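If you want the building blocks of each chain, they are given just below.
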Amino acid sequence: MEKPNTELGIGFEALPENIRNSCIFSGNDLGKLATVQELPVIDPSFEDDHLKQIIQYYSLDPDEMEKELHLYAKELLSHGKAREAWQVLLTTF
């Protein structure tokens, strides 16, 4: 039998403002991001070709790049990849 999670995540209020106020994420998406025990940090070993493409293609338009990064993070969340979604989102800080 699986033990219940007794530790609380960081919560919605601790999410960075650009994530919390994003028009891309649903409440469910934000809930998945808010369940981490502490705000993640950039993992230098994280490699993702799609992330590299987004950064390369949208580097001259920060607003559009943030939108594309949020869309990609949303896709990752839909596949249960919250850790990877956080790594994508950390590139906007």
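Scope of this entry: the structure provided in the associated data block.

Procedures and definitions
Residues numbered from 1 in each chain as written. Predicted model: local features only at pLDDT ≥ 70, side-chain atom pairs only at ≥ 80, totals over all residues. Heavy atoms only, no water. Axes fitted to C-alpha atoms, helices over the stretch in contact; angles between N-to-C directions. Helix = DSSP H or I, 4+ residues; strand = E, 2+ residues; numbered from the N terminus. Parallel < 35°, antiparallel > 145°, perpendicular 65-115°, else oblique. Left-handed = near helix turned anticlockwise from the far one by under 90°. Contact = heavy atoms within 4.5 Å. Nonpolar A, V, L, I, M, F, W, Y, C, P; charged D, E, K, R; others polar. Phe/Tyr/Trp six-rings, centres within 6.5 Å; stacked < 30°, edge-to-face > 60°. Buried < 20%, exposed > 50% of the residue type's maximum accessible area, 1.4 Å probe, protein only. Salt bridge = Lys/Arg side-chain N within 4 Å of Asp/Glu carboxyl O. Core = buried A, V, L, I, M, F, W, Y, C linked by side-chain atoms within 4.5 Å.

**What about the packing of helix H3 (residues 49-58) against helix H4 (residues 62-78)?**
- One can describe the packing of H3 onto H4 by two numbers: an axis separation of 9 Å at closest approach and a directional angle of 165°. Overall, the two elements H3 and H4 adopt an arrangement that is roughly antiparallel. Of the two possible hands of crossing, H3 and H4 adopt the one that is right-handed. Contacts between H3 and H4 pair His50, Leu51, Ile54, Ile55 and Tyr58 from the former with Pro62, Glu64, Met65, Glu68, Leu69 and Tyr72 from the latter.
- Of the residues contributing to the contact of H3 with H4, the split by class is eight nonpolar, one polar and two charged.

**Describing the packing of aromatic side chains**
- All told, the structure shown has one aromatic pair when counted by the stated rule.
- Where Tyr57 meets Tyr58, the ring centres are 4.8 Å apart and the plane angle is 80°; that geometry is what we call edge-to-face.
- What makes Tyr58 buried here is its relative accessible area of 18%.

**Some remarks on the pattern of salt bridges**
- As enumerated under the stated definition, the model contains four salt bridges in all.
- Here Lys74 ties to Asp29 by a salt bridge, and the two come within 2.4 Å at their closest N and O atoms. Within this pair, whereas Lys74 is found in helix H4, its partner Asp29 is found in helix H2 (residues 27-34), the two being separated by 45 residues in sequence.
- A salt bridge links Glu47 to Lys52; its shortest N-O distance comes to 3.0 Å.
- Judged by its relative accessible area of 57%, Glu47 is exposed.
- For Lys52, a relative accessible area of 44% corresponds to the partly exposed category.

**Overview of the packing of H2 against H4**
- Between H2 and H4, whose axes approach to 10 Å, the crossing angle comes to 80°. Relative to H4, H2 is oriented roughly perpendicular. The residues of H4 that touch H2, namely those facing Asp29, Lys32 and Leu33, are Lys74, Leu77 and Ser78.
- Grouping the constituent residues of the contact of H2 with H4 by class yields two nonpolar, one polar and three charged.

**A look at the nonpolar core**
- Ile19, Phe25, Leu33, Trp86, Val88 and Leu89 are the most contacted members of the largest nonpolar core, which has 22 residues in total.
- At the level of secondary structure, the elements contributing two or more residues to this core comprise H2, H3, H4 and helix H5 (82-90).
- If sequence neighbours within four positions are ignored, Trp86 has contacts with Leu15, Pro16, Ile19, Leu33, Val36, Leu39 and Pro40.

Read these as spatial facts, not as claims about activity.
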